[in-house]
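# Geometric and topological summary
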Amino acid sequence: MDFNYTPEENAFRMDLRKWLADALPKGWGETVFEPEEEEARYLFRRDWDRKLASGGWTGINWPVEYGGRGATLVERAIFAEEMARARAPESLNIIGQNLAGPTILHFGTEAQKKRFLPKIISSEEIWAQGFSEPNAGSDLASVRTRAERKGDKFIVNGQKIWTSFAQYSQWCFALVRTDPDAPKHKGISFLLIDMNSPGVSIRPLRQISGESEFNETFFDDVEVPAENLVGDLNDGWRIAMTTLAYERGPEDCLARQIRFKRELDSLIDVAGAMPMDDGVVSDDPGVQEDLGRAIVEIDAMRLVALRSFSRFLNGEERGPDASIIKLYWSHAAQRMNEKAIDILGAPGLLTGEDPEAVARGSFGMSYLQSKAFTIYSGSSEIQRNIIGERLLGLPR
Amino acid sequence: MNFAFNEEQRSLGETVGQLLSDFPALTAPDLSREQDDDAWNALAELGLFSLLVPEENDGVGLSLVDVALSVEALGAGLASPLVASTLIATELVKRFGTDAQKDALFGPLATGELKVAIAYTERGKGTDPEKLACAISGGCLSGTKIAVAGADAADRLLVVARNNDQASLAFVETGAAGVTVRQQDDLDPSAALCEVAFDGVEIAADALLGGGASDAPVNALLDLAATVYSGLTIGIANRMLETTVEYAKTREQFGKAIGSFQSIKHRCADMAVLVEAGRATSYFAFWNCAEDSAERAQTASAAKAYCADIARDACNEAIQIHGGMGFTWEMALHRYLRRAKVLESAFGNPAWHYRRVHAEAVAGREADATACRDAA
Ligand SMILES: Cc1cc2nc3c(=O)[nH]c(=O)nc-3n(C[C@H](O)[C@H](O)[C@H](O)COP(=O)(O)OP(=O)(O)OC[C@H]3O[C@@H](n4cnc5c(N)ncnc54)[C@H](O)[C@@H]3O)c2cc1C
């Protein structure tokens, strides 16, 4: 066990720190923030993705030949720490970078890697995930969207739902049924679909936060070139499991921890400055205790992810321990977002529209958004099933 | 960066765990201390007490990280808290002892001849060392400590006391004139919490750790004890997880193993998640303590509070999932519940440590902001 860094790793850190200091807008996180309006915010994030890419700071641990810098997992961890330290903005192309990219790296053909990876890294192309359907959520293997082979094309028909960022996406990877007669896990394929193809339409869905990050996505006789099949025909379930391992894995957790740490730091600052009786809110020992516990949990998120990295570095495979990471961060973040509202009291309830709002109403918004954490990427109940059965060996 | 234990560290932890399992009284339903001495001697024979002693003092020269998994095994095996307190004392002597203290103490510490209990808590006082009442004045120590684990079996006491208005650590022989030890009747008699009264006990200058020049030893004690106790409690939590999962696989109701019911399975899964989070937090504290990093205090307090909370939840869940069996004396789950409670309250309860985490984090943020301003 050793948390010291090599001179090369320290140099990597200092390079990034310096780059971030130059790249972030002046006053970032103090006087300058993301745009309030939703679309403007996502486009801001996309531009940030592109800026990161221009500095060579996306897809950092992908191989150099596809545009990455072949960074180690340790550098990946340093990257997350520095992004948190700089309170860096979030990314829009999360699905491209965290899910599509690694899946294509694992299972894609050389041609697919060359075609897709560089544009994911540059965020020229944003990606969506077409897994869930109205009748296939937790029971993902029940997907019904059909893809029929006609010559050198697949013809896709069906509907996906909860497709995040579809409205900003050029590409979507989807689970489609290619053999309706096979047992349900054995008739699924993994297809890359151009969102600009004729027959693709999307309808935004309004979320409890009032935002519309996710959508319904319809496929109506959409033609997809056969070369966009990833892996073998009807082998999509196995590939999807790899995608999910990344979706729930330590890289994802580390990236999210950046946001949660920023929110928690902001909460600590606000509670330390907001007047209460003769002092400030965080003079209250109960508040100090709650904040202390939140600090511990948000730190533990990072530590749990780093433990996983060390297991990988020692040769262990990605496995069901990803479910531990997902289950942990989602609930810890939810608790922190809820505590924030409790600690701030009535002022914490004011939205960004109100002149008296605290931190532009961000705590209330995060509180609402946090409700999704335990549903997407596999609900908590599904993660508990996986941990119980596959990790602990409890009977089904 | 590497967040894994190496082969030696793991095998040492396993060896300690196996060794303790040879002494069934440690975890048996009856709260007896009848095998404490045998277990102690076996641990001494294994060389446990020489591990932290530096090589130049004829020890093995290992660090706290090397023994982290062994500490966890001590927790899971319900070893006497004296084992942990003696290890903590050894590490403190290594860090702060004068040459004379090292010469005098490392020999008997390494062989396990010297058992050290730590006297910290006082009635009516919190955890803040500056506010404790026990004081040395005119070379004499007076005051009363409570909940001193294993004082009745210890040879020495490491006492936190004010000296010249500064918190310091004094080594006192349990048999010295003016020392009265009384075993208290408490929730976990196997932890042997004692009241220790000091009535004008003579403290020679060389009895103060490091000569009593600063309060650094007391601060280090707090962090070391918090870290080591986090290891003990997360050991208990993991033992409860294993025991409960095993029971859930074998106990049948409605024609099925109870572990197939989601309400049981999911709670086991939640325990597993917390054990992993607690371990990550505890191991990180071990490393920061071993390195004496700037984050030592924050990570130690984080680990102490969080692992205690997790152990408490794990004990509660274990009993519930064992049903009526869980509530029986014979099942012995009460041993872990009792021990976890005793460990939780020692050296600062979770509330105190969470507040300390907050205070440290605020101070760290201010220092970071100053550094950024200076750099700009
Ligand atoms: C904000 C957000 C963004 C999303 N983005 C995407 C996206 O980009 N792409 C995509 O494909 N999907 C996306 N999803 C969908 C998400 O993956 C699903 O919502 C999730 O898998 C749950 O499926 P469901 O909504 O059909 O709920 P259901 O499966 O109907 O579940 C309802 C409830 O039943 C529980 N449940 C179901 N099965 C079991 C079981 N076996 N045991 C115990 N409990 C069970 C669930 O845990 C849940 O509490 C997103 C969801 C949200 C909220």
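Residues numbered from 1 in each chain as written. Chains lettered and ligands numbered in written order. Predicted model: local features only at pLDDT ≥ 70, side-chain atom pairs only at ≥ 80, totals over all residues. Heavy atoms only, no water.

## A closer look at the overall build of chain B
Basically, it comes down to this: Runs of E in the DSSP output that reach at least two residues are strands. Runs of H or I that reach at least four are helices, and both are numbered from the N terminus. Contacts are assigned to residue pairs that have any heavy atoms within 4.5 Å of one another. Method for areas: the Shrake-Rupley scheme with a 1.4 Å probe, in which residue coverage is limited to the protein chains shown.
In terms of regular secondary structure, chain B is built from eleven helices and nine strands. In terms of its C-alpha atoms, chain B occupies a principal-axis envelope of roughly 75 × 60 × 40 Å. Here the contacts in chain B between residues at least 6 apart in sequence split such that 73% fall between residues at least 24 apart. Working note: accessible area of chain B is about 14,400 Å², and carbon and sulfur atoms make up 48% of it.

## Structural notes on the nonpolar core
Counted only if it meets this: We define the nonpolar core as a collection of buried residues of types Ala, Val, Leu, Ile, Met, Phe, Trp, Tyr and Cys that are connected through side-chain atoms lying within 4.5 Å of one another. Any residue under 20% of the maximum accessible area for its type is buried, any over 50% is exposed, and the rest in between are partly exposed; the area is computed with a 1.4 Å probe on protein chains only.
By size, the foremost hydrophobic cluster in this structure holds 191 residues, and its most contacted members are B:Leu74 and B:Leu141. In terms of residue count, the dominant contributor to this core is helix H6 (residues 216–250) of chain B (17 residues). Beyond its immediate sequence surroundings of up to four residues, B:Leu74 is in contact with B:Val16, B:Leu20, B:Leu43, B:Leu48, B:Ala79, B:Val83, B:Leu87 and B:Leu232. Counting 33 residues, the second-largest nonpolar core is a separate cluster that includes A:Leu140, A:Ala141, A:Val230 and A:Tyr246.

## Focus: helix H7 (residues 262–291) of chain B
Our working definition: In a helix, the anticipated span is given by 1.5 Å times the number of residues less one.
Look at H7(B): 43 Å from first C-alpha to last across 30 residues, which is about the 44 Å you get at 1.5 Å a residue. Judged by how many residues are buried, H7(B) sits mostly within the fold: 23 of 30 residues are covered.

## A look at the pattern of salt bridges
Residue and element names in this part refer to chain A. Note the threshold: Each salt bridge in this description consists of a side-chain nitrogen of Lys or Arg and a carboxyl oxygen of Asp or Glu lying within 4 Å of one another.
Here the structure, examined in full by the defined rule, presents 58 salt bridges over all chains. Among the ionic pairs, Arg45 bridges to Glu90, the shortest N-O distance being 3.5 Å. Of this pair, Arg45 sits in helix H2 (residues 38–54) while Glu90 sits in the loop between helix H3 (73–85) and helix H4 (94–107); the two residues are 45 residues apart in sequence, bridging distant segments of the chain. Overall, Arg45 belongs to the buried group, its relative accessible area being 9%. Glu125 serves as the salt-bridge partner of Arg115, at 2.9 Å between the closest nitrogen and oxygen. Taken as a pair, Arg115 in helix H5 (residues 110–121) and Glu125 in the loop between H5 and strand E1 (127–130) lie far apart in primary sequence, ten residues in all. According to the relative accessible area criterion, Glu125 is buried, its value standing at 9%.

## Regarding the site of the ligand
What counts here: By convention in these notes, a residue is near a molecule or strand provided one of its non-hydrogen atoms lies within 4 Å of it. Polar contact criterion, stated in full: a pair of N or O atoms within 3.5 Å, where within protein one must be able to donate a hydrogen and the other to accept it, and residues adjacent in sequence count only if both atoms are side-chain atoms. By the convention adopted, Pro, Cys, Tyr, Trp, Phe, Met, Ile, Leu, Val and Ala count as nonpolar, Lys, Arg, Asp and Glu as charged, and the other residues, Gly among them, as polar. How far each domain reaches was decided by an automatic or database domain assignment.
Neighbouring residues of the ligand: 17 residues in total, closest A:Ser132, A:Ser138, A:Trp162, A:Ser379 and A:Glu381. The site occupied by the ligand is bordered by residues of chains A and B. Contacts to the ligand include A:Ser164, whose side-chain N or O atom sits 2.7 Å from a nitrogen atom. Between the ligand and the protein, one listed contact pairs a nitrogen atom with a side-chain N or O atom of B:Gln262 at 2.8 Å. Every element with two or more residues in the shell around the ligand is listed here: strand E3 (153–164) and helix H11 (380–391) of chain A. Residues that form the shell around the ligand fall into these classes: seven nonpolar, nine polar and one charged. The residues that make up the shell around the ligand include at least three from each of domain 2 (127–234) and domain 3 (248–391) of chain A.

## A closer look at the packing of aromatic side chains
Which entries qualify depends on this criterion: Ring geometry is summarised as follows: Phe, Tyr and Trp rings, the Trp one being its six-membered ring, pair when their centres sit within 6.5 Å, and such pairs are stacked at plane angles under 30 degrees, edge-to-face over 60 and tilted between the two.
As enumerated under the stated definition, the model contains 28 aromatic pairs over all chains in all. With centroids separated by 6.4 Å and ring planes inclined at 50°, the aromatic side chains of A:Trp19 and A:Trp57 adopt a geometry described as tilted. Of this pair, A:Trp19 sits in helix H1 (residues 7–23) while A:Trp57 sits in the loop between H2 and H3; the two residues are 38 residues apart in sequence, bridging distant segments of the chain. As far as the burial class goes, A:Trp19 and A:Trp57 line up, both buried. A ring pair is formed by B:Phe3 and B:Phe284, whose centres lie 6.4 Å apart and whose planes are at 55°; its orientation type is tilted. Here the residue B:Phe3 occupies a position in the segment before helix H1 (7–21), and B:Phe284 occupies one in helix H7, the gap between them amounting to 281 residues. By the burial criterion, B:Phe3 is buried, and B:Phe284 matches it. An aromatic cluster is defined as three or more aromatic residues linked by ring pairs; in this entry it consists of A:Phe116, A:Trp127, A:Phe131, A:Trp171, A:Phe173 and A:Phe190.

## Looking at the interface of chain B and chain A
Formally: Note on definitions: buried area is the accessible-area loss of two parts on being combined, 1.4 Å probe, summed for both.
Taken together, the 45 residues of chain B in the interface contact 47 residues of chain A. Summing the contributions of chain B and of chain A, the shared interface buries around 4,300 Å²; its carbon and sulfur component is 66%. The largest per-residue losses of area from chain B upon contact with chain A belong to B:Met1, B:Phe3 and B:Arg365, which jointly make up 20% of the total buried on that side. Our count for the chain B to chain A interface comes out at six salt bridges. Of the charged contacts, one joins B:Asp270 and A:Arg384 as a salt bridge, the two residues approaching to 2.8 Å between their closest N and O atoms. Where chain B touches chain A, the interface holds 18 residue pairs in polar contact (both at pLDDT 80 or more). Ranked by the residues each element gives to the side of chain B that touches chain A, the list is headed by H7(B), at 18 residues. Of the residues belonging to the side of chain B that touches chain A, the class tally is 26 nonpolar, nine polar and ten charged.

## Notes on the confidence of the model for chain B
This is how the line gets drawn: The score called pLDDT rates the predictor's confidence residue by residue, from a low of 0 to a high of 100.
When the pLDDT values of chain B are averaged, the result is 96; 99% of them are 70 or greater. Across the assembled chains, the prediction reports ipTM 0.97 with pTM 0.96.

## Some words on the environment of B:Ala318
All names here are of chain B. Position of Ala318 among the secondary structure elements: in helix H8 (residues 296–321). Classification of Ala318 by relative accessible area gives buried; the value is 0%. Sequence-wise, Ala318 and Ala73 are 245 residues apart; in three dimensions their C-alpha atoms are separated by 19 Å. Sequence-distant contacts of Ala318, defined by excluding residues within four places in its chain, comprise Met240, Thr244 and Leu333.

## What about helix H4 (residues 81–96) of chain B?
Over its 16 residues, H4(B) runs 22 Å from end to end, which matches the ideal 22 Å to within 8%, given 1.5 Å per residue. With 13 of 16 residues buried, H4(B) lies mostly within the body of the structure.

## What about a negative patch on the surface?
As a reminder of what qualifies: Only residues above 30% relative accessible area that lack a salt bridge enter a patch, with like-charged residues linked at up to 9 Å and the nonpolar side chains Val, Leu, Ile, Met, Phe, Trp and Tyr linked at up to 5 Å. In this count, Lys and Arg are taken as positive residues and Asp and Glu as negative ones, while His and the chain termini are left out. Taken as the charge location is NZ of Lys, CZ of Arg, CG of Asp or CD of Glu.
Judged by side-chain charge, B:Asp30, B:Glu34, B:Asp38 and B:Glu330 come together as a negatively charged surface patch. Its place among the elements puts B:Glu34 in the loop between H1 and helix H2 (36–46).

## Topic: the domain arrangement of chain B
Residue and element names in this part refer to chain B. When its domains are assigned, chain B resolves into domain 1 (7–115), domain 2 (118–212) and domain 3 (216–366). Each partner contributes to the interface: domain 1 provides 19 residues, whereas domain 2 provides 23 residues. The contact between domain 1 and domain 2 buries some 1,500 Å² in all, and 66% of this surface belongs to carbon and sulfur atoms. Taken together, the links from domain 1 to domain 2 amount to eight residue pairs in polar contact (both at pLDDT 80 or more). Element by element, the count of residues in the side of domain 1 that touches domain 2 is highest for H4, at eight residues. Split by residue class, the side of domain 1 that touches domain 2 holds ten nonpolar, five polar and four charged.

## Concerning the side chain of A:Arg248
Take A:Arg248: it is sitting in the loop between helix H6 (236–247) and helix H7 (250–273). One buried charged residue, A:Arg248, remains without a salt bridge, the closest side chain of opposite sign being A:Glu247 at 5.3 Å.

## Describing the packing of H6(B) against H7(B)
Residues and elements named next belong to chain B. Here is the rule we go by: The axes used here are C-alpha line fits, helices contributing only the stretch in contact, and every angle between their N-to-C directions lies in the interval 0 to 180 degrees. Here is the rule for angles: anything less than 35 degrees is roughly parallel, anything more than 145 is roughly antiparallel, 65 through 115 is roughly perpendicular, and the remaining ranges are oblique. Crossings are assigned a handedness: left-handed for a near helix turned anticlockwise from the far helix by less than a right angle, right-handed for a clockwise turn.
Look at H6 against H7: their axes get within 9 Å of each other, and the N-to-C directions meet at 155°. Our classification of the angle between H6 and H7 gives roughly antiparallel. Between H6 and H7 the crossing geometry is left-handed. Here the residues of the contact of H6 with H7 sort into 16 nonpolar, seven polar and two charged.

## Re the side chain of A:Glu211
All names here are of chain A. Positionally, Glu211 belongs in the loop between strand E6 (200–204) and strand E7 (214–225). There is a polar contact of 3.0 Å between the side chain of Glu211 and the side chain of Gln369. Those residues in contact with Glu211, other than ones at most four positions away along the chain, are Glu38, Arg41, Leu205, Arg206, Met365 and Gln369.

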